[in-house]
Each structure stands twice: as C-alpha cells, then as structure tokens.
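Breakdown of the fold
Residue-level listing of the chains:
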Amino acid sequence: MQKLSTYILAIESSCDDTSCAILCNNVVLSNITANQKIHEKYGGVVPELASRDHQKNIVPVLQEALKVANITLDQLNAVAVTVGPGLMGSLLVGLSFAKSLAMSLNIPLVGVNHMQGHILAHFIKDDEDQEFPSFPFLCLTVSGGHTQLVKISDYLSFEILGSTIDDAVGEAFDKAAKILGLPYPGGPLIDKFAKEGDCNKFKFSTSHVPGYDYSFSGIKTSFLYFVQNNLQKNENFIKENLNDICASYQHHLIEVLLKNAKNLLKETGIKHLAIAGGVSANSELRKQIKNLEGELKIKTFIPKFEYCTDNAAMIGITGYYKFLMNEFSDLNCIPLTRMSL
C-alpha cells in the first residue's frame with residue numbers, strides 16, 4: 001500500500017548549481033541551492049571547476065535542506081537524482097552521492113531526466129487553490145541547451161513535436177550578450193536592458209525550418225554581423241543603442257519561439273500551454289505567453305522563478321511520480337551527458 005506521506009530527497013548537479021530538496025508527496029518542504037560564482041570571470045561554465053565545487057557544496061547543502069524541512073535521513077522513502085543530460089563531472093558528483101545515500105539507507109534510487117524535471121515542476125503544489133495543466137498539454141521548454149515543444153499526455157509520457165536542429169535559444173541569448181560585452185550570465189542582462197528599449201528599432205534574420213523545429217545558429221550569426229557592421233560605422237554603437245539592441249533582439253527570439261507554439265496549438269487543438277527551463281524566467285517571454293490566453297483562448301502555465309533555473313525541487317517532483325510507478329534505478333546506473341525525453 002502507498003504510504004500517505006512519501007518523503008523524497010532530491011539532488012540536482014547537472015551543471016554549476018548544487019541543489020538539494022525535500023518533498024512530502026508533491027509539496028516542497030525545502031529547496032536549497034548553492035550557486036557557483038567562480039565561472040563569472042571565465043565568461044561561461046568551466047566543467048572541471050564546476051565538479052570540484054559540487055564536491056565542496058553537496059554535504060552542507062543537504063544538511064541545510066534537511067534542517068529547513070525539519071526531517072531526518074531515516075524518514076526518507078527514496079533518493080531522486082539527475083542522471084542527465086548535463087556535464088559528466090557534475091552529474092557524477094550528484095549521482096555518486098545519491099547512490100551512497102540510497103545504499104546506506106536501504107531505500108530506492110530514482111534516476112531523473114533533467115528536462116522532464118523542468119516540465120513536471122508545474123505539478124509542485126505551493127497553494128491550496130493552485131491549478132495544474134490538464135493532459136494533454138503542450139510545453140515550450142527553453143534553456144541554454146534545449147529548445148523543444150513537448151506534448152505531455154501523462155506525468156511520465158512525453159513526445160517531442162519540435163526541437164532545435166542546432167543551437168538552443170538560451171545559447172542565442174548568451175552569445176549575443178557576449179558579443180555586446182556583457183558579463184556572464186548575459187541572458188538576464190539582455191532582459192534587464194530590453195525593458196528600457198524599443199523592440200522595433202532593429203530587425204534580424206529568421207531561419208526557415210520545416211515543421212515545428214527551430215534553428216538559432218543563423219540568427220546568432222546575423223546578430224554578430226549586425227553588431228560588427230554598425231561598429232565599423234560608429235565605434236560607440238553598442239553604448240549608444242544597448243537598450244534598443246537588447247529589446248529588438250529579445251523580441252525577435254521570442255517571436256520565433258512563439259510562432260511554432262501557436263501553430264502547433266491551433267493544429268492539435270490543445271488548450272493548455274506551459275513554459276519551462278531557464279529562459280522561462282525571461283520577463284518578456286512570460287508576458288507574451290500570458291497574452292496568448294486571450295489571443296488563442298487557451299490556459300497558460302508559468303513556473304515560479306525558483307523553479308525556472310536548475311533546482312532540486314523539480315527533480316523531486318519527477319522522482320515522486322516515478323516512485324509511485326515503482327520506476328527505480330539500478331545502483332550501477334551511469335550519468336548521461338545526452339539524454340532524450
């Protein structure tokens with residue numbers, strides 16, 4: 001018989017954030033994350049440094065998660081952990097730690113797909129009157145490594161209907177920020193400066209891809225040439241036009257994202273649309289997604305900011321539903337740098 005209260009310890013270490021969460025069923029009791037600042041001076045995540053910091057952070061982060069949740073290790077029913085996709089060294093730290101805990105406590109190990117976690121974060125219960133997406137729903141998953149349109153038919157049933165054929169939209173944001181000379185991570189800064197800019201001031205090229213797939217490589221290249229050409233005419237071009245550049249480029253990327261999503265919603269008749277992943281924290285994307293409710297007569301679901309970026313709570317909620325289905329992992333499982341839904 002299923003226990004009334006199932007306690008899941010979740011561990012997320014796929015990139016540069018070390019996170020541990022405790023869930024009781026679908027309610028988050030604690031969600032503690034240690035960010036790594038060391039990568040800022042390198043303009044991006046350095047894998048070796050990331051894995052070293054995970055090793056330093058994981059024990060104190062776990063201790064804090066248990067303290068905030070006010071439970072002890074012997075109350076846990078399972079350990080959920082990210083097995084991929086992500087950086088090999090980072091994944092190894094979290095997975096090895098999770099295996100050791102599961103073995104010592106004699107409880108199941110639940111391996112979780114990081115991208116499924118982003119999507120199922122929508123089922124974390126934070127409020128009594130909270131609404132959840134109804135199956136089937138469509139999720140636009142947007143991050144530094146992924147851009148996907150996913151049909152979710154059940155908690156653990158995912159079908160990719162559209163995906164990027166090259167770079168992800170998060171990469172398009174970060175690359176543009178680097179070209180503009182903005183510090184890492186640059187995506188949130190583009191969002192910040194765009195608020196004060198004219199989104200119609202500059203135009204950028206669009207890649208034409210069949211079906212519902214995306215391509216951002218050409219858009220990145222066109223942005224590079226746009227900046228270089230204007231700097232040749234005016235060496236102060238970026239400084240004098242930063243807000244307008246950010247607003248125009250951001251507007252263009254979001255327009256590309258939503259075009260496929262809107263067409264797919266119309267074709268399938270699906271009435272619930274969600275967004276997930278790090279880029280779902282972008283304020284303009286959140287605004288434009290909300291606007292689709294009136295335009296397409298649909299219901300949209302936008303995650304809380306704390307569930308947009310990498311966090312263990314989303315791994316915990318996915319682990320919870322896998323636990324209910326007895327989908328456990330062998331202690332010999334290995335991390336996967338690439339992993340399909």
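Refer to the structure presented above.
From a predicted model like this one, the values you see are computed outputs, not experimental measurements.

Moving on to unusual backbone geometry. That bond from Gly84 to Pro85 is cis: its omega, -10 degrees, falls within 30 degrees of zero. Looking at where Pro85 falls in the secondary structure, it is placed in the loop between strand E4 (78-84) and helix H2 (88-105). Cis geometry is found at the peptide bond from Tyr184 to Pro185, where omega equals -5 degrees. On the secondary structure map, Pro185 appears in the loop between helix H4 (169-179) and helix H5 (187-194). Despite not being glycine, Asn25 has its phi angle at roughly 55 degrees, a positive value. Note that Asn25 resides in the loop between strand E2 (17-24) and strand E3 (27-35). With a relative accessible area of 17%, Asn25 lands in the buried category. The residue Asn106 is not glycine, and still its phi comes out positive at about 55 degrees. Inspection of the secondary structure assignment puts Asn106 in the loop between H2 and strand E5 (109-113).

Moving on, we come to the pairing of E4. In terms of burial, E4 is largely enclosed, as seven of its seven residues are buried. Strand direction decides the pairing type here: strand E1 (residues 7-12) and E4, joined by four bridges, are parallel. Bridge pairing links Ile11 to Val81 in E4. When E4 meets E5, the two strands line up parallel, connected through five bridges. In the sheet register, Thr82 faces E5, and the bridge partner there is Val112. Since E4 and E5 lie parallel, the crossover through H2 that links them has a hand, and here it is right-handed.

Next up on the list: the nonpolar core. If you look at the biggest cluster of nonpolar residues, it comprises 47 residues, and the most contacted ones within it are Leu180, Phe216 and Phe223. Those elements that place two or more of their residues in this core are strand E6 (137-142), H4, H5, helix H6 (217-233), helix H7 (237-268), strand E9 (272-276) and helix H8 (283-296). Discounting chain neighbours no more than four positions away, the residues touching Phe223 are Ala176, Ile179, Leu180, Phe204, Ile245 and Tyr249.

This next bit is on the pattern of salt bridges. Proximity of charged atoms lets side chains of opposite charge pair with each other. Considering all chains together, one arrives at eleven salt bridges under this definition. A salt bridge links Asp167 to Lys220; the shortest N-O distance between them is 3.0 Å. With a gap of 53 residues between them, Asp167 in the loop between strand E8 (157-163) and H4 and Lys220 in helix H6 connect regions that are remote in the sequence. With a closest N to O distance of 3.4 Å, Lys262 and Glu295 form a salt bridge.

Let us look at the pairing of E1. With six of six residues buried, E1 is to be regarded as a mostly interior element. Burial along E1 is two-sided: Tyr7, Leu9 and Ile11 facing one way and Ile8, Ala10 and Glu12 facing the other are all buried. Strand direction decides the pairing type here: E1 and E2, joined by six bridges, are antiparallel. What sits directly across from Glu12, in E2, is Ser19. Between the end of E1 and the start of E2, which pair antiparallel, lie four residues.

Right, let's get into the sheet that holds E1. Strand order across the open sheet formed by five strands is E3-E2-E1-E4-E5, with mixed pairing between neighbours. The open sheet terminates on both sides in strands that have one partner only, identified here as E3 and E5. Neighbour-to-neighbour, the strand axes of the sheet open up by a mean angle of 20 degrees, direction not taken into account. Contacts from helix H1 (residues 47-69) reach E1, E2 and E3 within the one sheet, and its direction differs from that of E2 by about 25 degrees. The strands touched by H2 are E1, E4 and E5; relative to E4, the strand with the most contacts, the crossing angle is about 155 degrees.

Closest axis-to-axis distance for the H1/H2 pair is 8 Å, and the angle between their directions is 35 degrees. Along this stretch, H1 crosses H2, giving a crossing that reads as right-handed. Residues Ala50, Ser51, His54, Gln55, Ile58, Val59 and Leu62 of H1 lie in contact with H2, whose contacting residues are Gly89, Ser90, Val93, Gly94, Phe97 and Leu101. Split by residue class, the contact of H1 with H2 holds seven nonpolar, six polar and no charged.

Here is what the cut-offs are and how they apply
- Residues numbered from 1 in each chain as written.
- Predicted model: local features only at pLDDT ≥ 70, side-chain atom pairs only at ≥ 80, totals over all residues.
- Heavy atoms only, no water.
- Helix = DSSP H or I, 4+ residues; strand = E, 2+ residues; numbered from the N terminus.
- Buried < 20%, exposed > 50% of the residue type's maximum accessible area, 1.4 Å probe, protein only.
- Pairing = 2+ DSSP bridges.
- Right-handed = clockwise from strand over helix to strand, strands pointing away.
- Core = buried A, V, L, I, M, F, W, Y, C linked by side-chain atoms within 4.5 Å.
- Contact = heavy atoms within 4.5 Å.
- Salt bridge = Lys/Arg side-chain N within 4 Å of Asp/Glu carboxyl O.
- Axes fitted to C-alpha atoms, helices over the stretch in contact; angles between N-to-C directions.
- Left-handed = near helix turned anticlockwise from the far one by under 90°.
- Nonpolar A, V, L, I, M, F, W, Y, C, P; charged D, E, K, R; others polar.

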